[in-house]
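Residue-level structure breakdown
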Amino acid sequence: MMVDKRHPSPSGQAGPAAAPLYGFQPPVGTPYGLEVSTVEDFFAQHADWPWNPPRPVRATFHYLIAVTEGELRHDVDHLTRTVAPGQWLWVRAGHVLCWHPPGTARGPFILFEPDVLRPDLTSLLAPLTAHEAPAVLSPHPNDAASLQQTALQLLDEHRALGRRPLDLYHALRRSLLESLLLRLANSQDIAPVGTATADTGRADRYRRFLDALELHFRELPQAADYAELLGCSVRTLSRAARDATGKGVRELIDERRLLEARRLLGGARWDARAVAVHLGFTDPANFGRFFRDRTGLTPAAFAAGAVRTGA
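Residues numbered from 1 in each chain as written. Predicted model: local features only at pLDDT ≥ 70, side-chain atom pairs only at ≥ 80, totals over all residues. Heavy atoms only, no water.

1. What to know about the packing of aromatic side chains
For any pair of aromatic rings, the description consists of the separation of the ring centres together with the inter-plane angle of the planes. Scanning the model with the defined rule gives 15 aromatic pairs in all. For the pair Tyr-63 and Phe-109, a centre-to-centre distance of 5.6 Å together with 75° between the ring planes defines the contact as edge-to-face. Of this pair, Tyr-63 sits in strand S5 (residues 62-66) while Phe-109 sits in strand S10 (residues 108-112); the two residues are 46 residues apart in sequence, bridging distant segments of the chain. Residue classification places Tyr-63 among the buried residues on the basis of a relative accessible area of 2%. Classification of Phe-109 by relative accessible area gives buried; the value is 0%. Through successive ring pairs, a cluster of aromatic residues spans Phe-42, Phe-43, Phe-61, Tyr-63, Trp-99 and Phe-109. The side chain of Arg-257 reaches across the aromatic face of Phe-290, ending 6.0 Å from its centre. (Phe/Tyr/Trp six-rings, centres within 6.5 Å; stacked < 30°, edge-to-face > 60°. Helix = DSSP H or I, 4+ residues; strand = E, 2+ residues; numbered from the N terminus. Buried < 20%, exposed > 50% of the residue type's maximum accessible area, 1.4 Å probe, protein only. Lys NZ or Arg CZ within 6 Å of the ring centre and 35° of its normal.)

Pasting the structure below:
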């Protein structure tokens, strides 16, 4: 299902620098960037996967696990999450993840590349696919059984390869996946999207802002930078961001920069000075204040904690 695509450290030296990057590689004969399995089968089939001992990796794809039995422990961006029966683990492409042995955990396991989803669903799924979306989802009790049933239907449909025409096979799998994600996007853990997101222009502007943020968060730290890039006013961009997330543009920029800092200090083992330069801070002391104000820890203390926990 995955292939190691290691990148060298920023210094060009070998060692524990960067978390290995894992790309999507489904079994031969499985089309369209979507693979469905179970937790127990995944562990049985991937004895070489880095969980003994656990170590951080980075994936280029999304994945969902519906825990139906037992308890699953999983690190996402250096925080250990515990997923109980009835809950879902939701990991987005680009996040630093670390597996723990599955223990008694059971349930459907869905892996897919971002471009499997239809572009017209982007705005509807934005609350779920955003970097700040929670890693553990707790659907409303009234929805839990039907969500699990949809996941099991997707697993059954995935196993139907060869029994249906290929285009129908893919259309059914994608339809079930999108149905699942659309309902999860309305989980009680997901911040509701304001009604104004029905405004196609604002939804599209927010999507373009997210794309620009991923490309430029290192060198463009101000809301005005993105407004200029997108050809609109700061006020217009702020309305689009608040409609989608309830947060301001500057807050979203800072969250993305903080996320990258935590990834580099923890998984990549960079020192604070290197991270400060990488994120465009002119003075490492300014970066130290930025990090401490938002986490309560100095960069050095955070990095030391990540080393102790193996993250």
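There is more to say after this.
2. Observations concerning the pairing of strand S9 (residues 96-99)
Because side chains alternate across S9, one face comprises the buried residues Val-96 and Cys-98, and the other comprises Leu-97 and Trp-99, equally buried. Alignment of strand S4 (residues 57-59) against S9, held across two bridges, turns out to be antiparallel. Counterpart to Arg-58 in the pairing with S9 is Val-96. (Pairing = 2+ DSSP bridges.)

3. Overview of the confidence of the model for the protein
Chain-level pLDDT for the protein is 82 on average; 83% of the residues reach the 70-or-more range. Below pLDDT 50 for its whole length, residues 3-17 participates in 23 contacts with residues either more than four positions away or in separate chains. Residue range residues 193-198 is modelled with pLDDT below 50. Its contacts to residues more than four positions away, or to other chains, number nine contacts. (pLDDT = per-residue confidence, 0-100. Contact = heavy atoms within 4.5 Å.)

4. Some points on the sheet that holds strand S3 (residues 34-38)
Adjacent strands of a sheet form backbone hydrogen bonds with each other and so pair up, either parallel or antiparallel. Taken in spatial order, the five strands line up as S3-S10-S5-S8-S11 in an open sheet, and their pairing is antiparallel. This sheet does not close on itself; its edge strands, each paired only once, are S3 and strand S11 (136-137). Where helix H3 (residues 141-158) meets the sheet, it contacts S3, strand S8 (88-91) and S10, and its direction lies at approximately 110° from that of S3. Where helix H4 (residues 166-184) meets the sheet, it contacts S3, S5, S8, S10 and S11, and its direction lies at approximately 105° from that of S10. (Axes fitted to C-alpha atoms, helices over the stretch in contact; angles between N-to-C directions.)

5. Considering the packing of H3 against H4
Where H3 meets H4, the axes come as close as 10 Å, and the angle between the chain directions of the two elements is 160°. In terms of axis orientation, H3 runs roughly antiparallel to H4. Every pair of crossing elements has a handedness; the one defined by H3 and H4 is left-handed. Taken together, the residues of H4 that come into contact with H3 (itself represented by Asp-143, Ser-146, Leu-147, Thr-150, Ala-151, Gln-153, Leu-154, Glu-157 and His-158) are Tyr-169, Leu-172, Arg-173, Leu-176, Leu-177, Leu-180, Arg-183 and Leu-184. Class assignment of the residues belonging to the contact of H3 with H4 gives a composition of nine nonpolar, four polar and four charged. (Parallel < 35°, antiparallel > 145°, perpendicular 65-115°, else oblique. Left-handed = near helix turned anticlockwise from the far one by under 90°. Nonpolar A, V, L, I, M, F, W, Y, C, P; charged D, E, K, R; others polar.)

6. Some thoughts on the pairing of S8
What you see with S8 is no split at all: Trp-88 and Trp-90 on one side and Leu-89 and Val-91 on the other are buried throughout. Examined bridge by bridge, S5 and S8 share four bridges and lie antiparallel to one another. Following the sheet pairing, Leu-64 is matched in S8 by Trp-90. Judged from the two bridges that link them, S8 and S11 form a sheet pairing that is antiparallel. If you follow Leu-89 over to S11, its bridge partner there is Val-136.

7. Brief notes about the pattern of salt bridges
By the definition in use, this model includes 15 salt bridges. Note that Asp-243 is salt-bridged to Arg-202, the shortest N-O span being 2.8 Å. Taken together, the residues Asp-243 in helix H7 (residues 234-245) and Arg-202 in helix H5 (residues 200-216) connect sequence positions 41 residues apart. Its relative accessible area of 14% is what places Asp-243 among the buried residues. Arg-202 sits in the partly exposed class, given a relative accessible area of 24%. As a salt-bridge pair, Arg-263 and Glu-260 come within 3.6 Å of each other at their nearest N and O atoms. Highlighted residues: Arg-263 and Glu-260, both in helix H8 (residues 249-266), separated by three residues, approximately one helical turn. One continuous salt-bridge network, built from bridges that share partners, spans Asp-77, Glu-214, Arg-218, Arg-256, Glu-260 and Arg-263. (Salt bridge = Lys/Arg side-chain N within 4 Å of Asp/Glu carboxyl O.)

8. Observations regarding H8
Its 18 residues give H8 an end-to-end C-alpha distance of 26 Å, which sits within 8% of 26 Å, the value for a rise of 1.5 Å per residue. Across the 18 residues that make up H8, a large majority, 15, are buried. (Expected span 1.5 Å × (residues − 1).)

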